[in-house]
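The chain contents come next:
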Amino acid sequence: MAKPNTRRVDREIRQAERRLEAVRKQEMWPLTGRERRQVVSALAGGSVRVVQGKSPGRAERKLETLWQSVLNRLTTELSALQTERQRIVNEAATAKAAKKSSSWW
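Quick look at the layout of surface pockets
One number sums up the size of the largest pocket: a volume of about 160 Å³. When contributions to the lining of the largest pocket are tallied by element, the ones reaching two or more residues are helix H2 (33-51) and helix H3 (57-102). It is H2 that contributes the most residues to the lining of the largest pocket, five residues altogether. Here the lining of the largest pocket is composed, by residue class, of three nonpolar, five polar and three charged.

Comments concerning the packing of helix H1 (residues 7-24) against H3
With their axes 9 Å apart at the nearest point, H1 and H3 run at an angle of 160° to one another. When the axis of H1 is compared with that of H3, the two are roughly antiparallel. Crossing handedness for the pair H1 and H3: left-handed. On H3, the residues touching Val9, Asp10, Glu12, Ile13, Ala16, Glu17, Arg19, Leu20, Val23 and Arg24 of H1 are Trp67, Val70, Leu71, Leu74, Thr75, Glu77, Leu78, Leu81, Gln82, Glu84, Arg85 and Ile88. Class assignment for the residues of the contact of H1 with H3 results in twelve nonpolar, two polar and eight charged.

Thoughts on H3
Counted at 1.5 Å a residue, the expected span for H3 with its 46 residues is 68 Å, and the 67 Å between its end C-alpha atoms agrees. Among all positions of H3, only Gly57, Ala59, Leu63, Leu66, Trp67, Val70, Leu71, Leu74, Leu78, Leu81, Ile88 and Ala92 are buried. Those residues of H3 that are buried lie in contact with H1 and H2.

Some details on a positive patch on the surface
Residues Arg49, Lys54, Arg58 and Arg61 make up a contiguous surface patch of positive charge. Structurally, Arg61 is set in helix H3.

A short note on unusual backbone geometry
For Gln26, which is not glycine, the phi dihedral falls at a positive 60°. Among the secondary structure elements, Gln26 is positioned in the loop between H1 and H2. A residue is classified by how much of its surface remains accessible, and Gln26, at 42% relative accessible area, is partly exposed.

Parameters and conventions
Residues numbered from 1 in each chain as written. Predicted model: local features only at pLDDT ≥ 70, side-chain atom pairs only at ≥ 80, totals over all residues. Heavy atoms only, no water. 1 Å grid on protein atoms, 1.4 Å probe; cavity = no way out; pocket = protein on both sides within 12 Å on 5 of 7 lines; lining within 4 Å. Points joined across faces, edges and corners; volume = space filled by probe spheres on them. Helix = DSSP H or I, 4+ residues; strand = E, 2+ residues; numbered from the N terminus. Nonpolar A, V, L, I, M, F, W, Y, C, P; charged D, E, K, R; others polar. Axes fitted to C-alpha atoms, helices over the stretch in contact; angles between N-to-C directions. Parallel < 35°, antiparallel > 145°, perpendicular 65-115°, else oblique. Left-handed = near helix turned anticlockwise from the far one by under 90°. Contact = heavy atoms within 4.5 Å. Expected span 1.5 Å × (residues − 1). Buried < 20%, exposed > 50% of the residue type's maximum accessible area, 1.4 Å probe, protein only. Patch = residues over 30% accessible without salt bridge, like charges linked within 9 Å, V, L, I, M, F, W, Y side chains within 5 Å. Areas by Shrake-Rupley, 256 points an atom, 1.4 Å probe, with all protein chains shown as cover. Salt bridge = Lys/Arg side-chain N within 4 Å of Asp/Glu carboxyl O. Lys, Arg positive; Asp, Glu negative; His and termini not counted. Charge placed at Lys NZ, Arg CZ, Asp CG, Glu CD.

In structure tokens form, the structure reads like this:
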């Protein structure tokens, strides 16, 4: 029996890893529209506070929690994809073992 076909899941895992690495570098492209709006809002709010001569502490905390929640979301997505890949491999191994044990040799 051939190796299990995990190409699609492997490609998704690679993409999820790329997105996770981009978020660690605080790049905007892997964010959803809602998350982008929140980042821009926090940046704008912090900028206004700096121009006013006040501390942008709240905006900075908001940005940190937002980046952390995006990291959590992408990490969860990556682990789900890896679990799915493992399930596919296990099913293929079970099918192969069943096929071998069913022969009369």
